[in-house]
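These are the residues of each chain, in order.
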Amino acid sequence: MATVGSFVWLEDPNEAWIDGEVVEVKGPELKVLCSSGKTVHVKASDVYAKDTEAPPCHDNDMNEIYTYTGNILIAVNPFTKLPHLYDSHMMAQYKGAAFGELSPHPFAVADAAYRLMINEGKSQAILVSGESGAGKTESTKLLMRYLAYMGGRAAAEGRTVEQQVLESNPVLEAFGNAKTVRNNNSSRFGKFVEIQFDQRGRISGAAVRTYLLERSRVCQISDPERNYHCFYMLCAAPQEDIQRRAMDIVGISSHEQDGIFRVVAAILHLGNIEFVKGKEIDSSTPKDEKSWFHLKTAAELLMCDTKALEDSLCKRVIVTRDETITKFVDPDSAAGQRDALAKIVYSRLFDWIVDKINNSIGQDPDSKSLIGVLDIYGFESFKTNSFEQFCINLTNEKLQQHFNQHVFKMEQEEYTKEEIDWSYIDFVDNQDVLDLIEKKPGGIIALLDEACMFPRSTHETFAQKLYQTFKNHKRFSKPKLSRTDFTICHYAGDVTYQTELFLDKNKDYVIAEHQALLSASQCSFVSGLFPPLAEESSKQSKFSSIGSRFKQQLVALLETLSATEPHYIRCVKPNNLLKPAIFESKNVLQQLRCGGVMEAIRISCAGYPTRRPFFEFVDRFGILAPEVLDRSSDEVTICKRLLEKVGLKGYQIGKTKVFLRAGQMAELDARRSEVLGRSASIIQRKTRSYLARRSFVLVRKSTMLIQAVCRGQLARQAYESMRCEAACLRIQKDLRMHIARKAYKDLYSSAICIQTGLRGMAARCELRLRKQIKAAIVIQSHCRRYLARVQYLDTKTAAITTQCAWRGRVARKELRNLKMAARETGALQAAKNKLEKQVEELTWRLQLEKRMRADLEETKNQENAKLQSALNDIQLQFKQTKDLLLREQEAAKRAAEIVPVIQEVPVIDHTMMEKLSSENEKLKGLVNSLENKIDDTEKKYEETIRISEERLKQALEAESKIMKMKTDMQRLVEKISDMESENQILRQQTLLNSPVKRLSENSPMTLSQILENGHHVIEENRTNEPQSATPVRKYGTESDSKFRRSHIERQQENIDALINSVVKNIGFSHGKPIAAFTIYKSLLHWKSFEAERTSVFDRLIQMIGSAIESEDSNDHMAYWLSNTSTLLFLLQRSLKAAGSSGSTPHRKPTPPTSLFGRMTMGFRSSPSSANLAAAAAAATVRQVEAKYPALLFKQQLTAYVEKIYGIIRDNLKKDLGSLLSLCIQAPRTSKGSVLRSGKSFGKDSPLGHWQSIIECLNSLLCTLKENFVPPILVQKIFSQTFSFINVQLFNSLLLRRECCTFSNGEYVKAGLAELELWCCQAKEEYAGPSWEELKHIRQAVGFLVIHQKYRISYDEITNDLCPMLSVQQLYRICTLYWDDSYNTKSVSPEVISSMRVLMTEDSNSAVSSSFLLDDNSSIPFSVDELSNSLQEKDFEDVVPAEELLENPAFQFLHLMVQHAVGACHVAPWVTGRHLRELGMGGWVFMAGGDGIGPRISMGLHVGVRRCSPEYSETLVQGW
């Protein structure tokens, strides 16, 4: 019971435990004045008495770093050198000292283990444990130094075993230690050193066992950790003697050292090899010359073939049952094979070094006792825990269980078994964790091995398997924010493991190509690391894994530890900063609690740490009282009397053992040592006499042995001289044989050389002769071909002349037949009128049907509205009735509940109940009637919809019939037009056959008529002629119908040729699409814009629709966007609706569309009209009066332009959608320093997703430029795309709290800077106002990256920083903001409250409270904007399609290219037959060039003269 003035210990949340003095007692509460100066109030049950006689303790005294807890040594890492604690003088002090006699020290533990081994002959084990950085490795070195000091000198080939054991530590640390987050020299492997002793206590051998080297560190290092020390030591190039001294001591020869350095350098060069995609599909090759250099250097160091090394990295050999397949691998797989090669080479090198050390040190098979020192990695828990941490923590769980069993569990079981007085103490057993990890078949390691054996298993499937198997296990849990991680509750705390690399790191195999490559190395050291495997063993080998092998090693280690007497050293890390003079009490207390030290203290204080069996106790201490042994043979009685004789108190006698308090064994040993000392003097006297005699006998034997050795040496020298003489004779014989053989080989090689020269000269002569014969044959063949060609050309000329004469005769016959065709014109005209009337009647019926359909639709809508309103009223009435019924039922229930209260006079109102019942029946009937009405209304509505669909179907069928009849009528109109043209030809021939004088008189009148309406007044004059005119004589032949049919077919062929040409990608000319220009010129030439009926527009629309439906690439879409937009521009500039200004009020007749009609009008033109036609051809764009089909075609073309524009825009948005989601997530795995650096970034950098967006934009811009899309459309595409980027980023910023951070703002700001740079590079012509579309996200990001937000007022935010953001948006950003980099605060609470007030006012004023932006997907341009952005003069130099220029029917395109003032070209297909049909006798045609494409000039040009019809006929026949 604590009183005033008592000194006590109490717990503190910061310092763990503090001492103080009780100054006041109030019942169960105490007032304690602590040594730190503060006063606290605690309960009396929470304080513990302090031993005032104990020496004071100082946490910060780093010279006192050792203490005891029973037999457990606690070692604190001072993080500084203390050489005075470990010199030879200190080892001499602890030599032979009793345990606990001197200050706590590792030497005391080592000495106790050594003495127990010598005295009792039982093997010992010293277990050094603790977390990483606690000083386990240094403590192990001290133990080995002391054991080597005690073990004496057992020389072996000039090097002592203890030297080799001690010097093996630097070698193993160089290849197995590395810098980690918690320790600068962390052991990345486990080590158990067995030091073997002979019967005299001398070191006779040693062995080093290693466990689980962390192979992945060779290729994967996380910042700020480093790789293994040997790589940096090799790069630093230390001095030769320092580098090799440690290896020389452990028995590694200089040749083997060179091999080690060669392998380490090769691994360094392998890490510098990078791969890129090769020429083949899914292939890889070294990236550049630097990678090739490192590849060749690594091959030279490993002394293997460079090509073979490249193939083993870039290819993979797959062995099947029937054949062997060599497969290329991609760059990522090649890098994985490179890493696998580096890891297996380093692992084999480390294993070789360990085996070499063991073989060099040597093991004593006759040794009966050993001392093992275990130095294994401590418990690890990092931010990212992989397979290595999993195995390390499994090891610590095993060792913790061993510690529990030996220190805690065995202690309590021993006391219970011996039935002595003892209070049972519970402790935490970790067997359930071990079962979770290593139990078969359901443990984690078993499931991991099972997943590794299936080729399609991934870490996701492995994680899901763990979740399903251990979902109810108390030690296993699944993190909430991850789908592949799992958490295990270890004895030292919870650890979360990442399964991404578990399967790869667990597989323990060597790639066959790497095994074959390194086995064939010319370097014996490298090939020795990879011995060839037997085929049978390789085929029959089972699956092997790192986890299973490591588990087996742990089992073997624990069996070894169980067979020894354990001693424990618990290393403690005083702070996590790894600095001296800093002691974190709470952290140290947690380490002691996890190591079981606190539990050991409780047991040691309450129990009996020393126990001996009765026979052993009597055998050891019976010499203290020999008289007790003679009185009785009962061991229990002897032990009791012996202890009473000695005078010890506090001990207990069990069933089989004697239990002593702490220190009592030391007291008994001291008394025993006194008795043994007196007996030693007698033994020494007898021993010295024995040794003297033995020395004399040994000297005599040695003398005789030396004499025998000398005689043997003389005999060997005589034998050696005889052997040298025989060797000289053998050498002379071999030398003479060598000289003779060399002379013979020289003569033989000379003869072969001469024969080779002679045979070569003969072969060259033969080759020269064959070349001359071949050249003569070639000359003869060319000469014969020339003579045959001359004969063929002469025959061809004669045949053409004969054909021309015959064609002239046939043409004259066809002219006579055409004259008779004019008589059928009247009948065709009547048929035309009849069809027009039928079309008008059908059109009227269609309009009537449409009006009826509109009226029906309006009536149906009105009826539906009425039915809907009635339905709403009925539902409202039904709802009111139902509410009334519910209220009445509730009232009735309440009334029924009130009735039992009045017990004296119960009254029931039957009238009210009947009234309510009747009203309920009425309401039910009303509800049923309402439901029936609703059903009837729905049936009527369905019937109305069915009737509407039937009428719509009938209207569509009628419309299709009308379109078919219009097409038929159009064909008849074209036939009539052809007949009219032919009739005009006949009239023209009649005029030409009249005298020359009459022709000259009528010429001015004809020319004036032609000029009146562009070659169309002729038709009007023909229709206005009196009906009484003399009819032309008819010539009816069978060729008339054939001619008409051939003309229609030619028109269809021309349309087909145009579509077949432009449907291909025929490119651009002077930056303008050739297809659009060709279509426009063809339609203009065919006068399709002025035609009331034509099918060419429908064909073009179908062609465009099928072209954009079959392809969806941006390149194809950009090509058609350029063509359709250009054609729309040309139509916009050319077409004017009928009835507009400048058009004639009367209807123009249909222009002649046949070949002869156009030729007739052309030949009848005067010189002035020819000049006007040439000027019209020179004009690129001219206005025409458009009919309905042309205007409809323009509307359809506009719709296709908008559709193609929308497809390109939506494709770009779809490509950017996924990248934008990655851009807003990237800062979670990137560092802010990377964002602030000015360096460029690639795809693997944190800003790689922004680079992908830039690449998408550049790709589309290049595509649009290559297809010459109008800049106005390019600007609109990128403006809407940037608006989409603004909406996506801004909405993501407002919806996700992890995005509203300072580092995320810096990241997005860096990406926006890249977009701004892109806009500057794209220039205003194409980018336009795209940068301005990002104003919302720019202002939001600018606000996020401001450091001192709490100093900014609301007016500064709304007016200066974020004028475009609404109050809701600003409030959302301010409330979601958090700084993950500098922990800065958001805006002040006053600004938040101001925003909240304004938001409340906005909600009261019915303003929308939505803070998200909407994406605009409308078409942002009009036809007028597109028309204003282009110029007509840009199309002056456009060249039509070359394919159509070769077609005779499209020579008008050739005329546009080669037109000249005052002259016109005649197409190549105009033959003499055509000219004779036109009656062109009397004109001279001057042919130019080779007769193809002659020029025809009308009477006023140089080189043209009048002639007789006979002369012109002769010229025509010759042409």
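It should be noted that the structure appears before, not after, this text.
A quick note: this is a predicted structure, and the numbers were derived from the prediction, not measured.

With that out of the way, let us pick up the overall build of the chain. Of regular secondary structure, the chain possesses 49 helices and 30 strands. A buried classification covers 41% of the 1519 residues belonging to the chain. When the accessible area of the chain is evaluated, it comes to approximately 85900 Å², of which 54% is carbon and sulfur surface.

Ordered by their spatial adjacency, three strands build an open sheet running 20-21-22, and the pairing between neighbours is antiparallel. Where the open sheet ends on each side, the last strands, each with one partner, are strand 20 (476-477) and strand 22 (493-498). Summarising the sheet, strand 21 (residues 485-490) and strand 22 pair through six bridges and their orientation is antiparallel. Following the sheet pairing, Phe486 is matched in strand 22 by Tyr497.

In this structure, Thr1281 sits in helix 39 (residues 1271-1295). The contacts of Thr1281, once residues within four sequence positions are left out, are Leu1212, Leu1216 and Leu1257.

Moving on, we get to the pattern of salt bridges. The tally for this structure, following the rule as stated, stands at 31 salt bridges. Arg1099 is the salt-bridge partner of Asp1056, the closest N and O atoms lying 2.5 Å from each other. Taken together, the residues span a long stretch of sequence, with Asp1056 in helix 30 (residues 1039-1062) and Arg1099 in helix 32 (residues 1096-1110) at a distance of 43 residues. For Arg1099, a relative accessible area of 28% gives the class partly exposed. Beyond isolated ion pairs, a larger network of salt bridges with shared partners links Arg188, Glu214, Arg217, Glu225 and Glu380.

A few words on a nonpolar patch on the surface. On the surface, Tyr744, Tyr748 and Ile752 cluster together into a nonpolar patch covering about 350 Å² of accessible area. Here Tyr748 is to be found in helix 25 (residues 664-818).

On to unusual backbone geometry. Between Lys440 and Pro441 the backbone carries a cis peptide bond, its omega angle lying at 0°. On the secondary structure map, Pro441 appears in the loop between helix 12 (431-438) and helix 13 (444-453). Non-glycine residue Ala581 carries a positive phi angle of around 65°. Along the chain, Ala581 falls in the loop between strand 23 (565-572) and helix 20 (585-594).

In contact at an axis separation of 8 Å, helix 40 (residues 1302-1327) and helix 41 (residues 1335-1344) are set at 140° when each is read in the N-to-C sense. As summarised for this structure, helix 40 and helix 41 are arranged oblique, according to the angle between their axes. Pair helix 40 / helix 41 crosses with left-handed handedness. Within the contact between the two elements, helix 40 uses Phe1302, Gly1305, Val1308, Lys1309 and Leu1312 and helix 41 uses Ile1337, Arg1338, Val1341 and Leu1344. Its residues assigned to classes, the contact of helix 40 with helix 41 comprises six nonpolar, one polar and two charged.

What counts, and where the lines are drawn
- Residues numbered from 1 in each chain as written.
- Predicted model: local features only at pLDDT ≥ 70, side-chain atom pairs only at ≥ 80, totals over all residues.
- Heavy atoms only, no water.
- Helix = DSSP H or I, 4+ residues; strand = E, 2+ residues; numbered from the N terminus.
- Buried < 20%, exposed > 50% of the residue type's maximum accessible area, 1.4 Å probe, protein only.
- Areas by Shrake-Rupley, 256 points an atom, 1.4 Å probe, with all protein chains shown as cover.
- Pairing = 2+ DSSP bridges.
- Contact = heavy atoms within 4.5 Å.
- Salt bridge = Lys/Arg side-chain N within 4 Å of Asp/Glu carboxyl O.
- Patch = residues over 30% accessible without salt bridge, like charges linked within 9 Å, V, L, I, M, F, W, Y side chains within 5 Å.
- Axes fitted to C-alpha atoms, helices over the stretch in contact; angles between N-to-C directions.
- Parallel < 35°, antiparallel > 145°, perpendicular 65-115°, else oblique.
- Left-handed = near helix turned anticlockwise from the far one by under 90°.
- Nonpolar A, V, L, I, M, F, W, Y, C, P; charged D, E, K, R; others polar.

Nothing here speaks to function; it is all geometry.
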